[in-house]
Amino acid sequence: MFEKLDGKSEWLSQTEVVTSLINRIGSLFQQKLNQIFHVLFKKWDLGFLLMGLLLGRAMILNELSPFAIPFFAVMYHLKREKLLFISLAILLGANLTEHNQGALIFAGMLIFFFAQKWLDAKGKTDLSYAPFLVFASIFVPQVLLHLYEQTSQFYDYFMSGVESILGFILTLIFIQAIPILIYHKEQVSLEQEEIIALIILLASVMTGTLGWHVQNLSIEHIASRYFILLFALVGGGSIGASVGVVTGLILSLSNPNAIYQISLLAFSGLLAGLLKQANKLGIAFGLILGTTILSIYLGNQSEIWMSFGESVLAILFFFLTPKSIIKNIAKFIPGTSEFQYHYQEYVAKIRNITSSKIEQYAKMFTQLADSFSEITKSPKIDDAEQLEHFMSRVANTQCQTCFRKNKCWNEEFFKTYKYMTDVMTYIELKGKLGKKDIPADWVKHCVKYDRTTAELNQIYEEYENDLYWKNQLEESRQLVAYQLYGVSQVMKDLAEEIKKEGIELSVQEKQIHQALEQLGLSIRHVNVVNLDEGNVEIEVSQPSCNGRDECTKVIAPLISEVLGENIVVSNKDCWYSNDGTCKMCLQSAKNYEVETGFASVAKGGAWLSGDSFSTIEIGNGKYAVALSDGMGNGERAKVESKATLELLQQLLQSGIDETLAIKTINSVLLLRSQEEIFSTVDLAVIDLFNGFTKFLKVGSTPSFIKRGDEVIMISAYNLPVGIMEDIDIDSVGQDLQPGDLLIMITDGIYDSPNHTVNKELWMKRMIQEIETDIPQEFADLFLEKVIRSLQGEIVDDMTVVVTKIDTYKPEWSTIKIPGLKRIERERMVQ
């Protein structure tokens, strides 16, 4: 027994060795075959020489030869360095036909060559003239031949015109098809016109094998079935049937007796493509089955065996075809794995190019911003160099011709310098000096005191104007620098987003689609944009639910269950769709949600308050509450505060940093008017994922956080925007907790208790006394308490904004389906 086991194990080991040897031999054979293909078809262009030979031999209806000259014309433009060898191949093929079209084809090639050379000399080298030159190159030699023979009839001239028109059309087709074979195009997939043109080109080449046989087996039948096998493997039944129809049509035009080839090749291509899932063996079986069935109906026993032999040879060549050729064809056919991989490579390449370009622009904007920021500020009035400039100008204009010049500027220099400095100080402090305002010491010292004082007045006025416009220019440059920094940051963020290369999410889309249909919903389309945790974005479309709100009540809860996180409907379009489709966008729900209430009253009980507030959805899970108090009261203050918040909202939503946005607003207010226009800005940016809140205060009063019985004050001390060129922006961070109330107020409320010494303590006590936690009720009660404490007197505009942060609670619970598994998220690859 042990001897039998030893013999069996020895036999198994020998079998493994033989199998390994066979696989190694097959791998080496495939490698050598790939090398031979590379040398023959890449280096020597044997493929194009063979095409020229077959197209030179190809004919239609046994008398028309419209393929050779169009091929010669296109190769003149695309492969001019190999044109001589291609021409010889075409002429060789033309002389292998029974009708011997070599002379006419040679004459047509000469006409095209010299006509194109003449156009090249004129600078018209593009391919757009080629179809017309081909038409003339085919038509002229045949007409001259008919005229020379003097025996031709109208039919001969008519067929010459038909052949010329076919040459014109084939030139247009070859212009589309041949570049696909020569150049490695970077497009994702072939256009429909390019696929049809390529099939016609291949069918035309196969026409050149008409009449060639090997042991009574037709070469053209073997070649046509080989190409059907290739395209059926790559594209399935639809592509296989299409190739069969076009190929059969071209072959039947060459041989009218082979009209049945259209149905035979189309049916065989369809069967082969339908068995694509079984790989090469299934496709081969489909071809054998299709050709055999139709051969039984259309031929006798000998023709059946001939058709079977042709199919077997085509299958043999099909199995010997290198995988690289099949992959190169498959990557241009939609639906194949090679196409998906090629598509991902193409998209990644475009994404990298785009992100690198945007990064370059971002660096450029940063450098521009740095150049604007490095501009030095203008000198001040007390600068020693500027003062010397003033004195030297007065000395040159007034003192140069004065008889006391030597005494004032040589003997009494220090006294003159002191008196003139005093006059400049008076002018700087009091403005323009009249005769009565001139200092007495200067009147006694200078005999031209009135002229020198007038000159100093004029110099200082010019200096002030010059200083004003310099400051305006500097502020403009600073504003441009802020804007450039902001644009640079936005572009950097955009480049980082583009760099994130997502993988195909078709599997997850299918899972979500199936889960929704298990509930009885008729889902038309599911598109997963992003599946990152906390940043999910899914688009779903279904027939209109007629107001049943299925997206909120059914779809979002089910997707929440399969993803394991809360999903909400961020946007939906159900009522205005023309095709009866309800489209919705579902996104990750934030961990926190906010509710805001406000109360406001104008000074003296007027209708219009100068205070404004705004709530802003910034994006990326951030929510901003902004409060602004314009200078003064009434309409003008309202306009200023409202404009400030509108500009702030646009800057924040465009992705510009909060601090940079406020600095930009400050520069805009400085430049917009020569008058004093300023506004306070109180900004709170809440992160709805973790509750962290960033407070930015510019000239605003403290804010308060009520957490149960505790009241926390958030304060900062600086000037409002629009007063100084360079402002300090205090930034304070604070973690908010569920149930917290954020109270933001204007100075009309904070400065109202003039009878109290400690305003902060008074405000905290007022906030603690209010028991409600509903934001709108809190705001109304708080403002009422403040006004009652002032005996009903409203001395300034008063506004309070109350924001409550709380944990997000989904409106509908998730839907659990037995046996439904959660979707596995794919990670993003940088």
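As the structure is a computational prediction, the values presented were derived from the model and not from experiment. (Residues numbered from 1 in each chain as written. Predicted model: local features only at pLDDT ≥ 70, side-chain atom pairs only at ≥ 80, totals over all residues. Heavy atoms only, no water.)

Q: An account of the environment of Gly621 is requested, with residue identities and associated values reported.
A: Tracing the sequence through the fold places Gly621 in the loop between strand 8 (611–619) and strand 9 (622–630). Counting along the chain gives 67 residues from Gly621 to Leu688, while the straight-line C-alpha distance between them is 5.5 Å. Discounting chain neighbours no more than four positions away, the residues touching Gly621 are Lys590, Ile686, Asp687, Leu688 and Phe689. (Helix = DSSP H or I, 4+ residues; strand = E, 2+ residues; numbered from the N terminus. Contact = heavy atoms within 4.5 Å.)

Q: Residues and numbers for the sheet that holds strand 12 (residues 703–707), please.
A: Strand order in the open sheet made by the five strands is 7-16-15-12-13, with antiparallel pairing throughout. A single partner strand is all that each edge strand has here, and the edge strands are strand 7 (592–601) and strand 13 (710–714). Each strand of the sheet is rotated relative to its neighbour by a mean of 20°, with strand direction disregarded. Relative to strand 15 (residues 741–745), strand 12 is paired through four bridges, and the arrangement is antiparallel. Looking at the pairing, Ser703 lines up with Met744 of strand 15. Packing against the sheet, helix 26 (residues 759–768) makes contact with strand 12, strand 13 and strand 15, and its axis sits at approximately 40° to strand 12. Contacts from helix 27 (residues 775–789) reach strand 7, strand 12, strand 15 and strand 16 (798–807) within the one sheet, and its direction differs from that of strand 7 by about 30°. (Pairing = 2+ DSSP bridges. Axes fitted to C-alpha atoms, helices over the stretch in contact; angles between N-to-C directions.)

Q: Give a detailed account of the sheet that holds strand 5 (residues 567–573), specifying residues and quantitative values.
A: Strand order in the open sheet formed by four strands is 3-4-6-5, and the pairing between neighbours is antiparallel. Sheet topology places strand 3 (525–530) and strand 5 at the edges, where each strand pairs with a single neighbour. Across this sheet, the average inter-strand angle for adjacent strands is 20°, counted without regard to direction. Bridge count for strand 4 (residues 537–543) against strand 6 (residues 581–588) is seven bridges, and the pairing is antiparallel.

Q: Describe unusual backbone geometry, with residues and values.
A: The phi angle at Gln791 is positive, at roughly 60°, despite the residue not being glycine. The topology assignment puts Gln791 in the loop between helix 27 and strand 16.

Q: Residue-level account of the pairing of strand 15, with values.
A: Across a regular strand the side chains alternate sides, sitting on one face of the sheet and then on the other. Across the five residues that make up strand 15, a large majority, five, are buried. Neither face of strand 15 is left uncovered, since the one carrying Leu741, Ile743 and Ile745 and the one carrying Leu742 and Met744 both have all their residues buried. When strand 15 meets strand 16, the two strands line up antiparallel, connected through five bridges. Considered in strand 16, the bridge of Ile745 is made with Val800. (Buried < 20%, exposed > 50% of the residue type's maximum accessible area, 1.4 Å probe, protein only.)

Q: Before we move on, could you go through a nonpolar patch on the surface and cite the residues and values that matter?
A: Together, Leu270, Leu274, Leu275, Phe285 and Leu289 give the surface a local cluster of nonpolar side chains, amounting to about 440 Å² of exposed area. Among the secondary structure elements, those contributing two or more residues to the nonpolar patch are helix 11 (261–274) and helix 12 (279–298). Turning to its location among the elements, Leu270 is positioned in helix 11. (Patch = residues over 30% accessible without salt bridge, like charges linked within 9 Å, V, L, I, M, F, W, Y side chains within 5 Å. Areas by Shrake-Rupley, 256 points an atom, 1.4 Å probe, with all protein chains shown as cover. Salt bridge = Lys/Arg side-chain N within 4 Å of Asp/Glu carboxyl O.)

Q: Break down the pattern of salt bridges for me, citing the residues and quoting the values.
A: All told, the structure shown has eight salt bridges when counted by the stated rule. The partner of Arg225 in a salt bridge is Glu310, with the nearest N and O atoms 3.5 Å apart. Of this pair, Arg225 sits in helix 9 (residues 219–235) while Glu310 sits in helix 13 (residues 301–320), and the two are 85 residues apart along the sequence. Under the relative-accessibility criterion, Arg225 is labelled buried at 1%. Of the charged contacts in the structure, one is a salt bridge between Lys804 and Asp773, with a shortest N-O distance of 3.2 Å. Here Lys804 is found in strand 16, whereas its partner Asp773 is found in the loop between helix 26 and helix 27, with 31 residues between them in sequence. Each of Arg765, Glu769 and Lys785 takes part in salt bridges that share partners, so that together they form one network.

Q: Could you give me a rundown of helix 22 (residues 550–563), with the residues and numbers involved?
A: For helix 22, built from 14 residues, the straight-helix expectation of 20 Å at 1.5 Å per residue is met to within 8% by its first-to-last C-alpha distance of 18 Å. Taken as a whole, helix 22 carries its principal kink of about 25° at Ala556; the proline Pro557 stands between one and four residues after it. Burial runs high along helix 22: eleven of the 14 residues are buried. Those residues of helix 22 lying buried are Glu550, Cys551, Ile555, Ala556, Pro557, Leu558, Ile559, Ser560, Glu561, Val562 and Leu563. The first or second residue beyond helix 22 is Gly564, which carries a positive phi of 80°. (Expected span 1.5 Å × (residues − 1). Bend = angle between axes of the 7 residues up to and from the residue.)

Q: Let's hear about the state of the cysteines: which residues, and what values?
A: Taken as a whole, this structure holds zero disulfides when the rule is applied. Free cysteine: Cys402, not disulfide-bonded; nearest cysteine sulfur from Cys408 at 6.3 Å. When its relative accessible area of 14% is taken as the criterion, Cys402 is described as buried. (Disulfide = S-S within 2.5 Å.)

Q: Tell me about the environment of Leu294, residues and numbers included.
A: As for its placement among the helices and strands, Leu294 is situated in helix 12. The class of Leu294 is buried, set by a relative accessible area of 17%. With 29 residues separating them along the chain, Leu294 and Leu265 place their C-alpha atoms 9.5 Å apart. Sequence-distant contacts of Leu294, that is, excluding residues within four places in its chain, are made with Ser263, Leu264 and Phe267.

Q: Residue-level account of helix 9, with values.
A: Each turn of an α-helix holds 3.6 residues, which means side chains three or four residues apart point in the same direction. In this model helix 9 runs 24 Å from its N-terminal to its C-terminal C-alpha over 17 residues, within 8% of the 24 Å that 1.5 Å per residue would give. Burial analysis of helix 9 places 14 of its 17 residues in the buried class, the great majority of the element. One or two positions beyond helix 9, positive phi appears at Gly236, with a value near 85°.

Q: Can you explain the nonpolar core? Please cite residues and give values.
A: Grouped together as the largest cluster of nonpolar side chains are 42 residues, with contacts concentrated most on Phe71, Met75, Ile90, Ile105, Phe112, Phe174 and Ile178. Of all the secondary-structure elements, those providing two or more residues to this core are helix 2 (46–57), helix 3 (68–78), helix 4 (83–95), helix 5 (102–121), helix 6 (130–149), helix 7 (154–182) and helix 8 (192–207). It is helix 3 that provides the largest number of residues to this core, a total of nine residues. Contact partners of Ile178, with chain neighbours within four places excluded, come to Phe48, Phe71, Val74, Met75, Leu78 and Leu201. Formed by 25 residues, the second largest nonpolar core is a distinct cluster that contains Ala599, Phe782, Leu790 and Val800. (Core = buried A, V, L, I, M, F, W, Y, C linked by side-chain atoms within 4.5 Å.)

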